[in-house]
Amino acid sequence: MRLSIAIAIALVPAFASFAASAAQPLRAPLARDQVPSRLVAAPAATMNVERAPVSFSWKLDPTQAVASPQPFVAQSREYWETVDAAQLDKGLPLKMSAPGSLIRISPAQGARALRSDQLQISGSRGAAKLQSIASAEQLAKAGMDVQAGSLIAKLDAQEGADTYTVRVPKAQGQYLVHVFEPASSDVLRAGVDRSHALAGDRLRFDVDFSRTGKRSSNVQAEALLVAPDGRSWPVSMKANGAGGLAADVKLPDQVGNTPGLWELQVFANADGIPRDARTAFAVAAPTARFDGVFAFNAKTMRMALPVRAASQGRYEARGTLFATAPDGVLRPVSEAHSAAWMKRGAGMLVLQFERSHLPAGYGAPFEVRQLELNDQSRMAPLESRESAGRAR
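Just so it is clear, the structure is predicted and the values come from calculations on it, not from any experiment.

1. Side note on the overall build of the protein chain
Helix and strand counts for the protein chain come out as four helices and 30 strands. Scaling as 2.2 N^0.38, a compact globule of 392 residues should have a C-alpha radius of gyration of about 21 Å, whereas the protein chain reaches 27 Å, well beyond that. Projected onto its principal axes, the C-alpha positions of the protein chain cover 85 × 50 × 45 Å. Taken across its 392 residues, the protein chain has 49% of its residues classed as buried. Within the protein chain, contacts between residues separated by at least 24 positions form 75% of all contacts whose residues are at least 6 apart in sequence. Within the structure as shown, the protein chain displays about 19000 Å² of accessible surface, and the carbon and sulfur contribution to it stands at 51%. Here the protein chain contributes 45 positively and 36 negatively charged side chains, and the mean placements of these two sets differ by 5 Å.

Here it is, written out as structure tokens:
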């Protein structure tokens, strides 16, 4: 239930310093804003959370643009296969698209450790030339954390695109084979339209495969949505009309309490060249939200933000203050953060900007952008708005 302006004014002394006329609705959310449409009661946070309130701000350089964080786009020149000893004994075919590719073979739990002299790699012209081959012991000395009994072979620069056969006659158990082609122009890209979302939200995933700089129309892909607790859901990818693939996915309403990022894992193939990629994003239970109004006091440079919490915890607000420059353009001048412990129900966070942060000639009207609400006790981004609204 939205907190009325009258209740908001009486809620906390911080808000009472604002005249009723100063209170105004937050600006309607934009397409990429995240605003909870519902609230849920989450279990108490298990981590030890600071309860003392804190508020601070710092001056910004108005000549420097403030950029919104962009979602991560994974770019992959690699793929993985899980194989058993029989496949390695018979000969495992691996498609390569560029010289200098690396092949890593790691034993699963209980599998026999591998030795360098056991590994055999051949191409269409016979035994392949290797630039190097390293054991787990050598890799560990070089500071690389690898499974005991692993091997990494690097093909010679003369060994280009081909199908290579890898054999390990005395293997026993299961192994993870990883192919990485740093010089390849065959690149799989996988991205999500947002870096964080709420339980029950819809996300769009986009996948494309480029070969020698041109998008391939022959890409095929399977995907899995994977939660931090290990749960997974198959994702159906469809042509997006631009030569790639896309999926519109509804996240589960119950996201669990296991900390960590969610992933979209993509397993693709274009013209016989395999690639795997994964892109990560945060998913949170909507435990609180801004209550729809704010008040900005231009004299004290304070912004009061009523908050509605469905779960007790420590909540934090962040915002960037833009002021009007002498040329009439809004530019960033100050960043403020504020956090406090809240019980269930109505609460308040106040962003305290500093008048000393205003350069000479800067003043009203003001605008607060990049407004965020975070659940610090559960490490969860809850609400984000490109613009909260203007004030004088």
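Once the structure has been displayed, the description carries forward.
2. Brief notes about the sheet that holds strand S26 (residues 313-324)
A sheet is described by the order of its strands in space; here five strands give the open sequence S2-S27-S26-S29-S30, paired in antiparallel fashion. The open sheet has two free edges, formed respectively by strand S2 (54-59) and strand S30 (380-391), since each of these has just one partner strand. Each neighbouring strand pair of the sheet contributes to a mean axis angle of 15°, computed without reference to strand direction. Two elements, strand S29 (residues 363-375) and S30, share nine bridges in a ladder whose sense is antiparallel. Its bridge partner lying in S30, Glu372 is registered against Ser384.

3. Some details on the packing of aromatic side chains
Counting across every chain of the model gives four aromatic pairs. Summarising the aromatic geometry, the rings of Phe56 and Trp58 are spaced 6.0 Å apart at their centres and angled 20° between planes, so their arrangement reads as stacked. Look at Trp233 and Trp262: their rings are 5.7 Å apart centre to centre, the planes differ by 5°, and that puts the pair in the stacked class. One end of the pair, Trp233, is in strand S18 (residues 232-235); the other, Trp262, is in strand S21 (residues 262-270), with 29 residues separating them in the sequence. Here the guanidinium or amino end of Arg369 rests over the ring plane of Phe322, the centre of that ring lying 4.2 Å away.

4. Details of the nonpolar core
Within the largest apolar cluster, 34 residues are counted, with the highest numbers of intra-cluster contacts made by Phe296, Met303, Leu305 and Phe353. Those elements that provide at least two residues to this core are strand S23 (288-290), strand S24 (293-297), strand S25 (302-309), S26, strand S27 (330-342), strand S28 (345-352), S29 and S30. Setting aside chain neighbours within four positions, we find Met303 in contact with Phe294, Ala295, Phe296, Leu349, Val350, Leu351, Phe353, Val368 and Ala388. Membership of the second largest hydrophobic core comes to 31 residues, among which are Phe209, Val219, Ala223 and Leu245.

5. Structural notes on the side chain of His357
By secondary structure assignment, the location of His357 is in the loop between S28 and S29. A distance of 2.8 Å separates polar atoms of two side chains, one belonging to His357 and the other to Ser334. Not counting residues up to four positions away in its chain, the partners in contact with His357 are Ser57, Trp58, Lys59, Val333 and Ser334.

6. Some remarks on the pairing of S29
By the criterion of burial, S29 is predominantly enclosed, with ten of the 13 residues buried. Bridge count between S26 and S29: nine bridges; the pairing is antiparallel. Directly across from Glu316, in S29, lies its bridge partner Asn374. Connecting the antiparallel pair S29 and S30 is a turn made up of four residues, with Met379 showing a positive phi of about 50°.

7. Notes on the environment of Ala42
When you line up the elements, Ala42 lands in the loop between strand S1 (23-25) and S2. Residues Ala42 and Pro286 lie 244 residues apart in sequence; the distance between their C-alpha atoms is 8.7 Å. The residues touching Ala42, leaving out its near neighbours within four places in the chain, are Thr287, Ser311 and Arg378.

8. Topic: the sheet that holds strand S5 (residues 92-96)
Pairing in this open sheet of four strands is antiparallel, and the strands run S5-S11-S7-S8 from one edge to the other. The sheet terminates laterally at S5 and strand S8 (126-127), the two strands that pair on one side only. In this sheet, strand S11 (residues 162-167) lies alongside strand S7 (residues 120-123) in antiparallel orientation, the contact comprising three bridges. Pairing of Ser122 across the sheet is with Thr165, part of S11.

9. Digging into a nonpolar patch on the surface
A contiguous nonpolar surface patch, about 260 Å² in accessible area, is contributed by Val54, Phe56 and Trp58. If you trace the backbone, Trp58 turns up in strand S2. Judged by relative accessible area, Trp58 falls into the partly exposed class, the value being 36%.

Thresholds applied
- Residues numbered from 1 in each chain as written.
- Predicted model: local features only at pLDDT ≥ 70, side-chain atom pairs only at ≥ 80, totals over all residues.
- Heavy atoms only, no water.
- Helix = DSSP H or I, 4+ residues; strand = E, 2+ residues; numbered from the N terminus.
- Rg over C-alpha atoms; globule rule 2.2 N^0.38 Å.
- Buried < 20%, exposed > 50% of the residue type's maximum accessible area, 1.4 Å probe, protein only.
- Contact = heavy atoms within 4.5 Å.
- Areas by Shrake-Rupley, 256 points an atom, 1.4 Å probe, with all protein chains shown as cover.
- Lys, Arg positive; Asp, Glu negative; His and termini not counted.
- Charge placed at Lys NZ, Arg CZ, Asp CG, Glu CD.
- Pairing = 2+ DSSP bridges.
- Axes fitted to C-alpha atoms, helices over the stretch in contact; angles between N-to-C directions.
- Phe/Tyr/Trp six-rings, centres within 6.5 Å; stacked < 30°, edge-to-face > 60°.
- Lys NZ or Arg CZ within 6 Å of the ring centre and 35° of its normal.
- Core = buried A, V, L, I, M, F, W, Y, C linked by side-chain atoms within 4.5 Å.
- Polar contact = N/O pair within 3.5 Å; in protein donor to acceptor, adjacent residues only side chain to side chain.
- Patch = residues over 30% accessible without salt bridge, like charges linked within 9 Å, V, L, I, M, F, W, Y side chains within 5 Å.
- Salt bridge = Lys/Arg side-chain N within 4 Å of Asp/Glu carboxyl O.

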